[in-house]
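Residues per chain are reported as follows:
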Amino acid sequence: MAAKTAAELGLYVVLVEKRQEIGEPIRCAEGVSQRSELRELITVQPDWISTEVNGVRLHSPNNDNVSMTVDNREEVGGYILERKTFDRGLALQAACAGAEVLVKTRATGLIRKDDLCTVSVICQGESLQIEAPLIIGADGVESKVARWAGIDTRLKPEDIMVCAQYLVLDDCIDQEYCEFFFGNRMAPGGYVWIFPKGGRLANVGIGIQGSQSCPGEPIRLLDRFMQRRMPRAKILQIVAGGIPTSGPMNNTTSDGIMLVGDAAHQSDPLTGGGIINAMRAGVMAGQTAGKAISSGDVSTAGLKEYEDRWRSSIGKQIEKRYNAKNFFLKLTDDDLNHLAGSLHGMDISRMDMRDLLWFLFKQNPKLLWNLGVLNLIDKL
Ligand SMILES: Cc1cc2nc3c(=O)[nH]c(=O)nc-3n(C[C@H](O)[C@H](O)[C@H](O)COP(=O)(O)OP(=O)(O)OC[C@H]3O[C@@H](n4cnc5c(N)ncnc54)[C@H](O)[C@@H]3O)c2cc1C
């Protein structure tokens, strides 16, 4: 999105991707919770979508569940993307807008001197240097660009979600709903998801809090879930990866550098969803690049517009969701069972987080008072 936006504004853009194919391998469950959010950013192509979902089902540790179904299918239901074609489609649009795309090209270093950045790359085995006044680091959770620019992106273990996911084929997948399973034994500090992919396919994954994990733990817990819930499922693909679930980063710009997406820790700390925020931030960074290049000021001060814009929109949301995450982390399995029980028979599909917590507080005043829910509601 950053490359596309900057190229549309007439800048000369080089998009560098280390993999030989954009969009592969995927490290994502591919869910976008609101169709309208994606449509506001781009014209959605049919082959980007695996399936559309019209509800969410939440499972508590005691196997109880609460469903939320949307009545207005067009507006608010979700998409499960086919990120392989989606990511490639975005790169295609950047290329059509004039960006050069270099695949199988790994950035290996960055030096800034005399107002110019020199990025060293290995392009299909050959060492090259690319000079540019401005670099947008959209290189994901393990961002090297940030490190080279001296921006601190270290995450505390409690602020990273470690994930494992299978693409599975099974007969028992509800293709209408995204399902979430909670429980501190099942997924400590996180959850298990089943996101339908159409046909008999689904992404089935687990995310657990980094501070409660150890090597191999996500796969071990995911296998346990699969044995219990989907013992006959056939596993077609394995995905592993981390998601930042921190509050907003202190600093995402430096002279000649902007960070976007997971590199800038812009994913939702509560759910781990990062596609929409990364796209929004990409547009903002591309627009700021256009202004900074034409004004000739790519210093940190010249890039302040990007820092201000994403902080006042995405950043505010991240702050609230971070508070909500820390609240939910305090809940024991018994608490979760109680809260899920009090939602029975309620239509919660139109409630936002604030309304939902307020409703839960009225039903469970003692439990939630002790956990400081009013404090959280105040901050939302
Ligand atoms: C298991 C899992 C499930 C998820 N599920 C969802 C979900 O359902 N919904 C959702 O919204 N979000 C989800 N996310 C988060 C989402 O995938 C990310 O937030 C999103 O992909 C961030 O996009 P990005 O462009 O910032 O980074 P990425 O998608 O990680 O892209 C970074 C790109 O930079 C390239 N790169 C990295 N280093 C270099 C280098 N040195 N040189 C050249 N290229 C380089 C990489 O190859 C990659 O293509 C999930 C994440 C995980 C791990």
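Remember, it's a predicted structure, so these values are computed and weren't measured experimentally.

**A few points about the overall build of the protein**
Link 1 in the chain: Along its length, the protein carries 12 helices and 18 strands.
Link 2 in the chain: In terms of C-alpha radius of gyration, the protein reaches 21 Å, essentially the compact-globule figure of 21 Å for 380 residues.
Link 3 in the chain: The dimensions of the protein, computed from C-alpha atoms along their principal axes, are 60 × 45 × 40 Å.
Link 4 in the chain: Expressed as a percentage of its 380 residues, the buried residues of the protein come to 41%.

**Some details on the site of the ligand**
Link 1 in the chain: Around the ligand, 30 residues are found, and the nearest of them are Ala29, Gly140, Gly241, Gly261 and Gly274.
Link 2 in the chain: Mapped by element, the contributors of at least two residues to the shell around the ligand are strand E8 (105-113), strand E12 (160-169), strand E16 (234-244) and helix H7 (275-295).
Link 3 in the chain: Take the shell around the ligand: its biggest share by element is 3 residues, from E16.
Link 4 in the chain: Class assignment for the residues of the shell around the ligand results in 11 nonpolar, 10 polar and 9 charged.

**Side note on the sheet that holds strand E3 (residues 49-53)**
Link 1 in the chain: Ordered by their spatial adjacency, 3 strands build an open sheet running E2-E6-E3, and the pairing between neighbours is antiparallel. At either end of the open sheet lies a strand with only one pairing partner, and these are strand E2 (31-32) and E3.
Link 2 in the chain: Relative to strand E6 (residues 78-81), E2 is paired through 2 bridges, and the arrangement is antiparallel. Residue Gly31 lies in a different strand from E6, and its bridge partner there is Ile80.

**A look at the environment of Lys330**
Link 1 in the chain: Position of Lys330 relative to the elements: it lies in the loop between helix H8 (304-328) and helix H9 (333-341).
Link 2 in the chain: Residues Lys330 and Gly198, spaced 132 residues apart in sequence, show a C-alpha to C-alpha distance of 35 Å.

**Things to note about the pairing of strand E5 (residues 65-69)**
Link 1 in the chain: Of the pairings in the sheet, the one linking strand E4 (residues 55-59) to E5 comprises 5 bridges and is antiparallel in character. Bridging across to E5, Gly55 finds its partner in Thr69.

**Overview of the sheet that holds strand E18 (residues 257-259)**
Link 1 in the chain: On the basis of which strands lie adjacent, the open sheet formed by 3 strands has the order E11-E18-E17 and mixed pairing. Two strands lie at the open edges of the sheet, namely strand E11 (135-137) and strand E17 (253-254), each paired on one side alone.

**Quick look at the environment of Ala281**
Link 1 in the chain: Its place among the elements puts Ala281 in helix H7.
Link 2 in the chain: Given 29 C-beta atoms within 10 Å, Ala281 falls into the buried group.
Link 3 in the chain: For Ala281 and Leu259, which are 22 residues apart along the polypeptide, the C-alpha to C-alpha distance reads 8.9 Å.
Link 4 in the chain: Sequence-distant contacts of Ala281, that is, excluding residues within four places in its chain, are made with Val260, Gly261, Ala264, Gln266, Trp310 and Ile314.

**Considering the nonpolar core**
Link 1 in the chain: Formed by 98 residues in total, the largest nonpolar core has its most connected members in Val145, Val260 and Ala285.
Link 2 in the chain: Element by element, the count of residues in this core is highest for H7, at 8 residues.
Link 3 in the chain: Setting aside anything within four residues of it in sequence, one finds Val145 in contact with Ala107, Leu110, Ile135, Gly137, Asp139, Ile257, Leu259 and Ala263.

**Considering unusual backbone geometry**
Link 1 in the chain: Each neighbour pair has its own omega, and for Glu24 with Pro25 the value is -10°, a cis peptide bond.
Link 2 in the chain: In this fold, Pro25 is placed in the loop between strand E1 (14-16) and E2.
Link 3 in the chain: Of note in this structure, Glu30 is not a glycine but carries a positive phi near 75°.
Link 4 in the chain: Secondary-structure assignment places Glu30 in the loop between E1 and E2.

**Section: helix H6 (residues 217-229)**
Link 1 in the chain: With 13 residues, H6 ought to run about 18 Å at 1.5 Å a step, and its terminal C-alpha atoms sit 18 Å apart, in line with that.
Link 2 in the chain: For H6, the secondary structure elements touched by its buried residues are E12 and strand E15 (201-209).

Basis of the calculations
Residues numbered from 1 in each chain as written. Predicted model: local features only at pLDDT ≥ 70, side-chain atom pairs only at ≥ 80, totals over all residues. Helix = DSSP H or I, 4+ residues; strand = E, 2+ residues; numbered from the N terminus. Rg over C-alpha atoms; globule rule 2.2 N^0.38 Å. Buried ≥ 20, exposed ≤ 12 C-beta atoms within 10 Å, placed from the backbone. Near = placed C-beta within 6 Å. Nonpolar A, V, L, I, M, F, W, Y, C, P; charged D, E, K, R; others polar. Pairing = 2+ DSSP bridges. Contact = placed C-beta atoms within 7 Å. Core = buried A, V, L, I, M, F, W, Y, C linked by C-beta atoms within 7 Å. Expected span 1.5 Å × (residues − 1).

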